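Coordinates in review
Now for the letters of each chain:
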Amino acid sequence: AESKSCEGEGCRPLTVLCLDVVMPRNAELIQAAMLECFPHLESRFDYVEGRLEQLTPHRSCLLASVHACGPLSDVLVATS
């Protein structure tokens, strides 16, 4: 079964965007671990460099943080 972001007609398949200011050396390990748990997302997983402030998520997007300390957690909440 394919994961969906909603139920019913017009639903979009879930996607994963892993965003970091600088791509860490262990980016491939992080991606491999995510896809081991969620292999159905392999074709929809992107790991990119960028800033959270540049992100304009779709309203159906679930934002989660692996490491957002201090003011970065405030930016995450304000982005959603």
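Residues numbered from 1 in each chain as written. Predicted model: local features only at pLDDT ≥ 70, side-chain atom pairs only at ≥ 80, totals over all residues. Heavy atoms only, no water.

**With respect to the overall build of the chain**
The secondary structure content of the chain amounts to two helices and two strands. In sequence order, the secondary structure elements of the chain are arranged as β-α-β-α. Every one of the 80 residues in the chain was classed for burial, and the buried ones make up 16%. A sequence separation of at least 24 residues applies to 57% of the contacts in the chain between residues at least 6 apart. Total accessible area on the chain is roughly 6400 Å²; 55% of this is exposed by carbon and sulfur atoms. (Helix = DSSP H or I, 4+ residues; strand = E, 2+ residues; numbered from the N terminus. Buried < 20%, exposed > 50% of the residue type's maximum accessible area, 1.4 Å probe, protein only. Contact = heavy atoms within 4.5 Å. Areas by Shrake-Rupley, 256 points an atom, 1.4 Å probe, with all protein chains shown as cover.)

**Re the pairing of strand 2 (residues 45–49)**
A regular strand places its side chains on the two faces of the sheet in alternate fashion. The pairing of strand 1 (residues 16–20) with strand 2 spans five bridges and is parallel. Bridge pairing links leucine 19 to valine 48 in strand 2. Read as a crossover between parallel neighbours, the route from strand 1 over helix 1 (residues 27–37) to strand 2 is right-handed. (Pairing = 2+ DSSP bridges. Right-handed = clockwise from strand over helix to strand, strands pointing away.)

**Regarding the nonpolar core**
One finds Val16, Cys18, Ala27, Leu35, Leu41, Phe45 and Tyr47 forming the largest nonpolar core, which totals seven residues. Of all the secondary-structure elements, those providing two or more residues to this core are strand 1, helix 1 and strand 2. (Core = buried A, V, L, I, M, F, W, Y, C linked by side-chain atoms within 4.5 Å.)

**Re the pattern of salt bridges**
Under the counting rule described, the total for this entry stands at one salt bridge. Taking the shortest distance from any N to any O, the salt bridge between arginine 51 and glutamate 53 comes out at 3.5 Å. What makes glutamate 53 partly exposed here is its relative accessible area of 46%. (Salt bridge = Lys/Arg side-chain N within 4 Å of Asp/Glu carboxyl O.)

**Notes on a nonpolar patch on the surface**
Among the surface-exposed residues, Ile30, Met34 and Phe38 lie close enough to one another that they form a single nonpolar patch of about 230 Å² accessible area. Assignment of secondary structure puts methionine 34 in helix 1. (Patch = residues over 30% accessible without salt bridge, like charges linked within 9 Å, V, L, I, M, F, W, Y side chains within 5 Å.)

**Examining the confidence of the model for the chain**
Taken as a whole, the chain shows an average pLDDT of 77; of its residues, 78% reach a score of 70 or greater. Here helix 2 (residues 71–79) stands out as the least confident element of the chain, with mean pLDDT 76; helix 1 is the most confident, with 89. Of the regions scoring below 50 in pLDDT, residues 1–5 engages in 11 contacts with residues more than four places distant in sequence or in other chains. (pLDDT = per-residue confidence, 0-100.)

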